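Close look at the chain arrangement
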Amino acid sequence: MRKYSAILLLSLLPGCTKVKIESEFSKLQQKTVITTGSPVILNNELYYDIIDIPSVKDTIDHGLSKNEAVSIALQNNPELQADFQNLGIAKADLVQAGLYTNPSINSVFRIPTRDREPGTAQTNIEAVAAVRLSDLWQVPLAKHVAEDLLEIVSLRIFSTILTTVAETKIAYDACLAAELKVQNTKDLFAVTRELRDEIYYRQLYGYTSDLDKDLVDARVSALEAELKQQEANIFNAYIHLKKLLGLMPSPQPIKLVDQLYGNIVLPEFKVMEDYALENRPEIHIAFMKIRQYKDTIRLEKAKVFKVVDIGIGYKQDFDRPFAGWGPYFNLTLPIFDDNYAQVARAEFLLKQAELELIVERIRIQEELNKPYKIFSALEEEIILYKNVVLPSHQRAIEYAYKYSKTMQLSMVTALESKVKFYDANAELIDKYYHALREFTHLERAVGKNILLLNRNNDEVYIS
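It is worth spelling out the pattern of salt bridges at this point. Oppositely charged side chains may form a pair once their charged atoms are brought near each other. Inspection of the entire model under this criterion finds 19 salt bridges. Close ionic contact of D295 with R298 constitutes a salt bridge, the shortest N to O distance being 2.2 Å. With D295 and R298 both in helix α9 (residues 281-302) and 3 residues apart, the pair spans about one turn of that helix. Overlapping salt bridges, with partners in common, bring together R280, E282, E367 and R444 in one network.

What follows is the structure, given as structure tokens:
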């Protein structure tokens with residue numbers, strides 16, 4: 001009875017095993033906090049309206065900062081939560097790779113169908129119990145390959161996290177830029193209508209022509225159409241931001257509190273480049289692929305003898321007093337298939353992975369240099385617009401209105417100077433947004449929040 005109970009217990013043990021990913025996810029979570037400043041949560045409860053999120057519910061009236069938006073995206077984005085499950089899938093593959101082949105028992109019962117003559121009718125049984133001996137050297141190697149794949153999946157998820165952070169920041173800035181552009185267009189529209197009224201008034205006294213009227217009418221109508229398009233852009237920008245936050249696309253906008261642009265101090269380019277080439281998850285993935293294929297080569301070489309079984313054989317003749325035990329051995333001889341093709345395939349993959357590491361280094365340097373140069377140029381443009389272009393337009397407005405009162409300049413000239421000011425201001429808003437977008441691309445290329453990188457290098461970042 002005890003023997004049968006032990007057998008039953010052994011048969012139930014595999015069913016009690018559960019694949020757990022807490023330790024792997026903990027490492028992923030730690031890396032996320034270090035690089036982004038925000039945590040991720042496994043199997044987090046998802047919310048579809050921002051007012052339902054516990055961490056935001058009490059502060060929603062005060063508005064949402066960019067950092068808070070990033071935190072919500074990392075915890076409430078369903079695509080990201082779904083991607084976390086790939087960690088469990090890879091861990092399950094690792095567990096499976098570490099399992100040995102179940103022992104096999106093969107039995108044959110021979111029962112005669114008729115008795116032809118005395119002494120020929122007999123019933124016998126043959127049984128073989130065997131275990132897979134080749135698992136002793138193949139399973140550990142297969143487990144190494146699965147461990148490499150698990151690490152690659154974890155790094156790939158980490159890369160997706162960094163991309164989600166970047167997309168959320170860009171979407172947040174797009175909402176701010178869209179709102180500023182609508183307000184600027186409204187101000188420009190009001191000034192242009194005022195200009196149109198002035199032109200119509202002056203035509204009564206012969207100071208303006210039909211050409212002036214037609215041109216200003218076209219300008220007013222174009223601004224009215226542009227304003228409608230920009231209002232649609234605001235709606236679409238908020239819809240995209242809500243998608244990244246994992247929220248339903250309701251028409252209600254989210255109150256945002258951050259400014260579109262602030263003073264940004266970057267660390268030295270060499271600091272960012274060194275960090276990226278050392279820490280970017282894509283670089284680590286390239287290294288892990290090299291390790292994976294090296295482990296794969298060892299595994300495939302160990303599969304030259306794919307199946308080696310050993311066990312015990314038993315035979316019992318029920319009609320005659322004969323029974324016997326003996327060793328059992330099963331071996332597949334590598335005569336036609338010595339697994340050389342699979343070894344060669346792994347060797348080609350290894351060479352490919354080594355070259356892809358070089359490609360990845362070049363790609364990262366390109367991803368760093370492009371946004372860095374564009375951002376630096378946009379910063380200089382923004383400084384010129386803030387210190388020269390807009391102040392010059394402002395002085396032109398003051399000059400035109402001053403001398404329009406003494407009839408030395410017409411009111412049309414004064415109003416046109418305001419129109420040019422708002423046109424320049426719209427250009428500055430575009431430069432703000434594009435500069436922040438390139439900054440976010442640069443941050444993604446570095447692979448770490450620039451604020452946190454600056455703190456590590458005693459720099460200052462003002463948002």
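Turning to the pairing of strand β2 (residues 124-132), a few remarks are in order. Every regular strand shows the same layout, with side chains that alternate between the two sheet faces. In this structure, strand β1 (residues 104-110) lies alongside β2, joined through 7 bridges in antiparallel fashion. Bridging across to β2, N106 finds its partner in V128. Sheet topology places β2 next to strand β3 (residues 308-317); 9 bridges connect them, and they run antiparallel. The residue of β3 that forms the bridge with V131 is I310.

In this section: the environment of L215. Relative to the assigned elements, L215 resides in helix α7 (residues 210-245). A relative accessible area of 53% places L215 in the exposed class. Considering only alpha carbons, one finds L215 and R196, 19 residues apart in sequence, at a separation of 9.2 Å.

Further remarks concern the nonpolar core. Ranked by internal contacts, the top residues of the largest apolar core, which has 80 residues, are I50, L64, L245, I254, L256, L368 and V446. Elements supplying a minimum of two residues to this core: α4 (66-76), α6 (135-203), α7, α8 (269-279), α9, α10 (340-405), α11 (411-446) and α12 (450-456). Of all the elements, α11 adds the most residues to this core, at 16 residues. The residues contacting I254, other than those within four sequence positions of it, are I50, L64, Y238, K242, L245 and L247. With 20 residues, the next largest nonpolar core counts L74, V153, F158 and L162 among its residues.

Moving on to α10. A rise of 1.5 Å per residue sets the reference length of α10, with its 66 residues, at 98 Å; its end C-alpha atoms lie 94 Å apart and thus fit the reference within 8%. Of all the bends in α10, the greatest, near 45 degrees, is centred on Y385.

For N43, which is not a glycine, the phi torsion comes out positive at approximately 55 degrees. Mapped onto the fold, N43 is located in the loop between α2 (22-36) and α3 (54-57). The class for N43 is exposed, based on a relative accessible area of 56%. With a phi angle near 65 degrees, N339 is a residue other than glycine that sits in the positive phi range. Tracing the backbone through its elements, the reader meets N339 in the loop between β4 (322-331) and α10. Looking at N339, the relative accessible area reads 3%, which means it is buried.

The subject of this paragraph is the confidence of the model for the protein. When the pLDDT values of the protein are averaged, the result is 87; 89% of them are 70 or greater. The secondary structure element of the protein with the lowest average pLDDT is helix α1 (residues 2-16), at 47, and the one with the highest is α9, at 96. A low-confidence stretch, residues 3-12 stays under pLDDT 50, and its non-local contacts, those more than four residues away or across chains, total 0 contacts. Segment residues 458-463 is flagged for pLDDT under 50; beyond a separation of four residues in sequence, or across chains, it makes 12 contacts in the model.

In this structure the tally under the stated criterion is 6 aromatic pairs. Between F25 and F84, the ring centres sit 5.1 Å apart and the planes meet at 75 degrees, which makes this aromatic pair edge-to-face. Placement of the pair is F25 in helix α2 and F84 in helix α5 (residues 78-97), with a sequence separation of 59 residues. Residues F25 and F84 agree in their burial class; the two are buried. Here F269 and Y372 contribute two aromatic rings whose centre-to-centre distance is 4.9 Å and whose plane-to-plane angle is 55 degrees, an arrangement assigned as tilted. Of the two residues, F269 sits in helix α8 while Y372 sits in helix α10, which places them 103 residues apart along the sequence. Of the residues examined, F269 reaches a relative accessible area of 19% and is grouped as buried. A cation over an aromatic ring shows up here: K31 above the ring of F158, its NZ or CZ 5.2 Å from the ring centre. The side chain of K213 reaches across the aromatic face of Y200, ending 4.6 Å from its centre.

Rules used throughout
- Residues numbered from 1 in each chain as written.
- Predicted model: local features only at pLDDT ≥ 70, side-chain atom pairs only at ≥ 80, totals over all residues.
- Heavy atoms only, no water.
- Salt bridge = Lys/Arg side-chain N within 4 Å of Asp/Glu carboxyl O.
- Helix = DSSP H or I, 4+ residues; strand = E, 2+ residues; numbered from the N terminus.
- Pairing = 2+ DSSP bridges.
- Buried < 20%, exposed > 50% of the residue type's maximum accessible area, 1.4 Å probe, protein only.
- Core = buried A, V, L, I, M, F, W, Y, C linked by side-chain atoms within 4.5 Å.
- Contact = heavy atoms within 4.5 Å.
- Expected span 1.5 Å × (residues − 1).
- Bend = angle between axes of the 7 residues up to and from the residue.
- pLDDT = per-residue confidence, 0-100.
- Phe/Tyr/Trp six-rings, centres within 6.5 Å; stacked < 30°, edge-to-face > 60°.
- Lys NZ or Arg CZ within 6 Å of the ring centre and 35° of its normal.

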